[in-house]
Amino acid sequence: MVANGSGKTALVTGAAQGIGKAIADALRADGVTVVGLDRQLGACELTADLSDLSNVKGIIEGLAVTPDILVNAAGICLTRPFFEIELAGLQKTFDINVHALLLLSQAFAERLKNEQKPGVILNIASNSGFNPKLEQLDYGASKAAVISITRSSALCLAPYGIRVNAIAPGVIDTPLTQSIAQQRSQIRGVAPEETLAPVLQAIPAKRMGTADEVAQAAVFLCSNQSSYITGQTLLVDGGQLMR
Ligand SMILES: NC(=O)c1ccc[n+]([C@@H]2O[C@H](COP(=O)([O-])OP(=O)(O)OC[C@H]3O[C@@H](n4cnc5c(N)ncnc54)[C@H](O)[C@@H]3O)[C@@H](O)[C@H]2O)c1
């Protein structure tokens, strides 16, 4: 059987670990040729720091082949109390989670438009973009921006045959989630497990999701099987937030 993604190429950011890596692996399993990008090399083909915004458009322009798919999975989450939020951290969160994502999307869409080629953009948002979480004000704001950008981009790029969707994961078992639990444990003076336990208890599925469960949804949204879906943000969160 021919895989769905056969003959297609994807650029996946944040592909060294966690959700980005799982998406890169799942797309490869679907037959897609994947170029993984990260600030740490890991199993990636490209290293770049997306917080250096002057370099971001050049990443797409420098690719030998125009990809069919762009997955914006790189992201950071600074965890701190409301009164400790400062401009530098806010700026860094938005530079990586929002500004780099938009610049990559623009450069990608520009190449597709010039070549009259259809394509797909998939943004990894978060259910924090819909509902607030303690100690994550700037992260939630950046992910709300990603959800809005997804909708606006879908509207603007539909005439060029470019679909744009997002996934909003809930609590997924990745290095980021472990690091958030560590930071919260320091802020609250409790063990990391104690910061996670009440959150998991409130999730209907009663557990964290796996990066692979997010990746399966990503493969669908990147494939022709979702050819009439655009501008949507799919919650993959075990029912934590029902809309
Ligand atoms: N883990 C979760 O529970 C969860 C929930 C909702 C949304 N998300 C989102 O999913 C995405 C992936 O999260 P994850 O949990 O896999 O995180 P992670 O920290 O485990 O992996 C993120 C990857 O992005 C890379 N990255 C970060 N900043 C970068 C930069 N400036 N330039 C290049 N690469 C950079 C990191 O090196 C890392 O490999 C993020 O956008 C995150 O906000 C995660």
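Residues numbered from 1 in each chain as written. Predicted model: local features only at pLDDT ≥ 70, side-chain atom pairs only at ≥ 80, totals over all residues.

Engineer: What is the right way to read the packing of helix α3 (residues 87–115) against helix α4 (residues 137–157) from this model?
Structural biologist: Between two packed helices, the angle of one axis relative to the other and the distance separating the axes together describe the packing. Look at α3 against α4: their axes get within 9 Å of each other, and the N-to-C directions meet at 15°. Put simply, α3 runs roughly parallel to α4. Considering how the two elements wind past one another, α3 and α4 form a crossing that is right-handed. In this structure, α3 uses G89, L90, T93, F94, N97, V98, L101, L102, S105 and A109 to contact α4, whose residues at the interface are D138, Y139, S142, K143, A145, V146, I149, S153 and L157. (Axes fitted to C-alpha atoms, helices over the stretch in contact; angles between N-to-C directions. Helix = DSSP H or I, 4+ residues; strand = E, 2+ residues; numbered from the N terminus. Parallel < 35°, antiparallel > 145°, perpendicular 65-115°, else oblique. Left-handed = near helix turned anticlockwise from the far one by under 90°. Contact = placed C-beta atoms within 7 Å.)

Engineer: Looking at this structure, how should I read the packing of helix α1 (residues 18–29) against helix α7 (residues 211–222)?
Structural biologist: Here α1 crosses α7 at 50°, and the two axes come no closer than 8 Å. When the interaxial angle is binned, α1 and α7 end up oblique. Considering only the axes of α1 and α7, their crossing is right-handed. Across from G18, I19, A22, I23, D25, A26 and L27 in α1, the residues of α7 making contact are A211, D212, V214, A215, Q216, A218, V219 and C222.

Engineer: I would appreciate a short explanation of α4 in the present structure.
Structural biologist: Helical periodicity: at 3.6 residues per turn, an α-helix aligns residues three or four positions apart in one direction. Taking 1.5 Å per residue as the helical rise, α4 with its 21 residues ought to reach 30 Å, and the 30 Å between its terminal C-alpha atoms agrees with that figure. Along α4, the positions that sit buried rather than exposed are D138, Y139, S142, K143, V146, I149, T150, S153 and L157. Taken down its axis, α4 places every buried residue within 130° of arc, on the same side. Packed against the buried residues of α4 are α3, β5 (119–124), β6 (162–169) and β7 (233–236). (Expected span 1.5 Å × (residues − 1). Buried ≥ 20, exposed ≤ 12 C-beta atoms within 10 Å, placed from the backbone. Arc of directions from axis to C-beta.)

Engineer: Please explain the site of the ligand as it appears in this structure.
Structural biologist: In the region of the ligand, 27 residues are neighbours, and G14, G18, G75, T174 and L176 sit closest. Of all the elements in the fold, those that place two or more residues in the shell around the ligand are α1 and α5 (175–188). Taken together, the residues of the shell around the ligand break down into 14 nonpolar, 10 polar and 3 charged. (Near = placed C-beta within 6 Å. Nonpolar A, V, L, I, M, F, W, Y, C, P; charged D, E, K, R; others polar.)

Engineer: Can you walk me through unusual backbone geometry in this structure?
Structural biologist: Excluding glycine, a negative phi dihedral is what most residues carry, and trans is how most peptide bonds are arranged. A positive phi angle is found at E135, which is not glycine, with a value near 65°. Note that E135 resides in the loop between β5 and α4. Notably, K206 is not glycine yet its phi reads approximately 60°, a positive angle. Within the element layout of this structure, K206 appears in the loop between α6 (192–201) and α7.

Engineer: Help me understand the sheet that holds β7, please; the structure alone is not making it clear to me.
Structural biologist: Pairing between the strands of a sheet comes from backbone hydrogen bonds, and it takes one of two forms, parallel or antiparallel. On the basis of which strands lie adjacent, the open sheet formed by 7 strands has the order β3-β2-β1-β4-β5-β6-β7 and parallel pairing. The outermost strands of the open sheet, each flanked by one partner alone, are β3 (46–47) and β7. Each of β5, β6 and β7 touches α4; the most contacted strand, β6, lies at about 165° to it. (Pairing = 2+ DSSP bridges.)

Engineer: How do you make sense of the environment of V32 when you look at a structure like this?
Structural biologist: By the element assignment, V32 lies in the loop between α1 and β2 (33–38). Since 24 C-beta atoms lie within 10 Å of it, V32 is described here as buried. Sequence spacing of V32 and L176 is 144 residues, and the spatial spacing of their C-alpha atoms is 26 Å. Discounting residues that sit within four places of it in the chain, V32 has contacts with G5, K8, T9, A10, L27 and I69.

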